[in-house]
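# Tertiary structure, described
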Amino acid sequence: MEVIVKESYAEVSQAAADEVARVIAEKPSAVLGLATGSTPLGLYAELIRRYEQKELDFSSVTTFNLDEYVGLPAAHPQSYHFFMRQNLFDHINVAPENIHLPAGIPNDCRAFCREYEQKIAASGGIDLQILGIGSDGHIAFNEPGSSLASRTRVKTLARSTIEDNSRFFDRPEQVPEFAITMGVGTILEARKVILLATGEQKAGPIAQAIEGPITSMCSASALQMHEHVLMIVDRAAASQLEQVAYYEWVQQKRSHAPSTA
Ligand code: F6R
């Protein structure tokens with residue numbers, strides 16, 4: 001796990017966009033795993049900017065989103081379908097047939113989840129998974145207690161997540177209580193993962209995820225078992241990390257380190 005501490009939200013977004021650009025440069029038909037929420041908004045704005053500057057081409061890229069609220073149709077302004085169109089897909093040249101999100105209103109949830117996993121596998125698997133982290137340490141909607149081997153399924157949202165997400169709804173009772181989410185096991189199969197976190201409210205979950213024990217009580221801690229993870233955080237989100245000086249030392253020494261390839 002590499003921990004990269006940046007000075008601002010803008011720098012976190014730039015560093016994440018650099019990773020996406022690197023992956024697409026190496027493999028124009030890359031499969032990206034995408035997140036919603038406030039954290040990746042700066043990254044998506046930067047990807048749009050680079051596309052407009054003709055620095056990035058998404059024409060062969062495939063995307064799979066982490067999650068969607070159960071019960072919200074794609075046209076609902078708080079659905080993740082709507083969010084992704086508004087904040088990314090409508091502004092870049094990704095082919096509509098290459099975009100995948102869990103359905104908000106599937107006919108048969110269980111069958112849909114199985115097919116979502118099959119589609120990820122049929123695409124060759126996710127090359128780069130982008131993640132945020134919840135205040136309860138969740139990745140995607142893998143709330144505390146989620147099996148670290150879990151696959152795409154319906155999850156009941158934690159009360160704290162419902163409260164966190166109520167800022168997007170007029171009334172708290174409008175926040176959906178269930179979501180279809182990729183599992184921790186699904187996420188761990190991505191070839192590379194970047195988790196972004198900014199702000200003091202993420203300091204606790206970030207410290208648990210990076211320096212705490214691997215536990216289903218903080219599903220982000222499962223990333224400690226993944227071979228290629230970048231945790232890109234700002235100084236506020238890094239403020240409870242005990243080893244922050246070492247992580248910064250590693251970054252300084254990076255260009256001089258002997259190659260392990
Ligand atoms: C969103 C998702 C969630 C968010 C997390 C942080 O698709 O899977 O895990 O990444 O809840 O949300 P923000 O970025 O709004 O703090």
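Predicted model, so just to flag it, every value in this text is computed and none were measured.

With that settled, the discussion passes to the overall build of the protein chain. If you tally the helices and strands in the protein chain, you get eight helices and ten strands. Against the 2.2 N^0.38 benchmark of 18 Å for 261 residues, the protein chain shows a C-alpha radius of gyration of 18 Å, consistent with a compact globule. Along the three orthogonal principal directions, the C-alpha set of the protein chain runs to about 55 × 40 × 35 Å. Across the protein chain, every contact between residues at least 6 apart in sequence was considered, and the portion connecting residues at least 24 apart equals 78%. Separation between the mean location of the 22 positive side-chain charges and that of the 32 negative ones in the protein chain comes to 3 Å.

Take the packing of helix α1 (residues 9-26) against helix α2 (residues 41-52) next. As a packed pair, α1 and α2 sit with axes 8 Å apart at the nearest point and diverge in direction by 55°. It follows that α1 is oblique to α2 by the angle criterion. Considering how the two elements wind past one another, α1 and α2 form a crossing that is right-handed. Note on element contacts: α2 touches α1 through Leu41, Gly42, Leu43, Glu46, Leu47 and Arg50, opposite Tyr9, Ser13, Gln14, Ala16, Ala17, Asp18, Val20 and Ala21.

What follows is about helix α3 (residues 80-87). Listing the buried residues of α3 in full gives Tyr80, His81, Phe83 and Met84. Across the axial projection of α3, the buried residues extend over an arc of 165°, all falling on one side. Contact partners of the buried residues in α3: β2 (31-34), α2, β3 (62-65), β4 (67-69) and α5 (159-165).

We now examine the side chain of serine 221. In this fold, serine 221 is placed in the loop between α7 (203-211) and β10 (229-234). When its relative accessible area of 0% is taken as the criterion, serine 221 is described as buried. Here the side chain of serine 221 touches cysteine 218 through a polar contact of 2.6 Å, landing on its backbone oxygen. In contact with serine 221, not counting residues within four places along its chain, are Gln208, Ala209, Pro213, Ile214 and Thr215.

Another aspect to go through is the site of the ligand. Lining the immediate environment of the ligand, one finds 14 residues, of which Thr39, Asp67, His138, Ala140 and Lys202 sit closest. Here threonine 36 contributes a side-chain N or O atom positioned 2.8 Å from an oxygen atom of the ligand. Between an oxygen atom of the ligand and a main-chain N or O atom of serine 38, the distance comes to 2.8 Å. In isolation the ligand has 410 Å² of accessible area, and contact with the protein removes 92% of it.

To continue, consider α2. The terminal C-alpha atoms of α2, which comprises twelve residues, lie 17 Å apart, in line with the 16 Å expected from a rise of 1.5 Å per residue. Listing the buried residues of α2 in full gives Gly42, Leu43, Tyr44, Glu46, Leu47, Ile48 and Arg50. Directly beyond the C-terminal end of α2, a positive phi value near 65° is found at lysine 54.

Moving on, we get to the sheet that holds strand β5 (residues 99-100). Strand order in the open sheet formed by seven strands is β1-β10-β9-β6-β2-β3-β5, and the pairing between neighbours is parallel. Among the strands making up the open sheet, the edge pair consists of β1 (2-6) and β5. In the packing of α7 onto the sheet, contacts are made with β1, β9 (192-197) and β10, and the angle to β10 comes to roughly 155°.

What follows concerns the packing of aromatic side chains. Tallying each qualifying case throughout the model produces eight aromatic pairs. With a centroid separation of 6.2 Å and an interplanar angle of 20°, the aromatic rings of tyrosine 80 and phenylalanine 141 are classed as stacked. Here tyrosine 80 is found in helix α3, whereas its partner phenylalanine 141 is found in the loop between β6 (128-131) and β7 (153-156), with 61 residues between them in sequence. Judged by relative accessible area, which is 9%, tyrosine 80 ranks as buried. A residue is classified by how much of its surface remains accessible, and phenylalanine 141, at 4% relative accessible area, is buried.

Conventions we followed
Each residue is numbered by its place in its chain's sequence as written, counting from 1. Under the rules for a predicted model, residues below a pLDDT of 70 receive no local features and side-chain atom pairs below 80 are neither given nor counted, while totals for whole chains, interfaces and linings still include all residues. The side-chain values count all of the structure's non-hydrogen atoms but skip hydrogen atoms and water molecules. The helix and strand labels rest on DSSP assignments: H or I over at least four residues marks a helix, E over at least two residues marks a strand, and numbering proceeds from the N terminus. Here the radius of gyration uses the C-alpha set of atoms, whereas the globule reference equals 2.2 Å times the residue count to the power 0.38. Contact between two residues is taken to exist if any of their heavy atoms lie within 4.5 Å; hydrogens are not considered. For this count, His and the chain ends are skipped, Lys and Arg are scored as positive, and Asp and Glu as negative. Here the site of a charge means NZ on Lys, CZ on Arg, CG on Asp, or CD on Glu. All axes here are fitted lines through C-alpha atoms, helices being fitted over the stretch that makes contact, and every angle between N-to-C directions spans 0 to 180 degrees. Convention used here: angles under 35 degrees read as roughly parallel, angles over 145 as roughly antiparallel, angles from 65 to 115 as roughly perpendicular, and any remaining angle as oblique. In this scheme the handedness of a crossing depends on how the near helix is turned from the far one: anticlockwise by less than a right angle means left-handed, clockwise means right-handed. Partly exposed residues are those whose accessible area sits between 20% and 50% of the maximum for their type, while under 20% is buried and over 50% is exposed, using a 1.4 Å probe and protein chains only. The arc in question is the one spanned by the directions pointing from the helix axis to the C-beta atoms. Here a polar contact is taken to be a pair of N or O atoms separated by no more than 3.5 Å, where protein atoms must pair a possible hydrogen donor with a possible acceptor and residues adjacent in sequence count only if both atoms sit in side chains. Being near a molecule or strand, for a residue, comes down to having at least one heavy atom within 4 Å of it. The Shrake-Rupley method, run with a 1.4 Å probe, gives the accessible areas here. Residue values count only the displayed protein chains as cover. Working rule for helices: expected span equals 1.5 Å times residues minus one. Criterion used throughout: strands pair if DSSP finds at least two bridges between them. Under the pairing criterion, centres of Phe, Tyr and Trp rings, with the six-membered ring standing for Trp, must be within 6.5 Å; the plane angle then separates stacked pairs below 30 degrees from edge-to-face pairs above 60, leaving the rest tilted.

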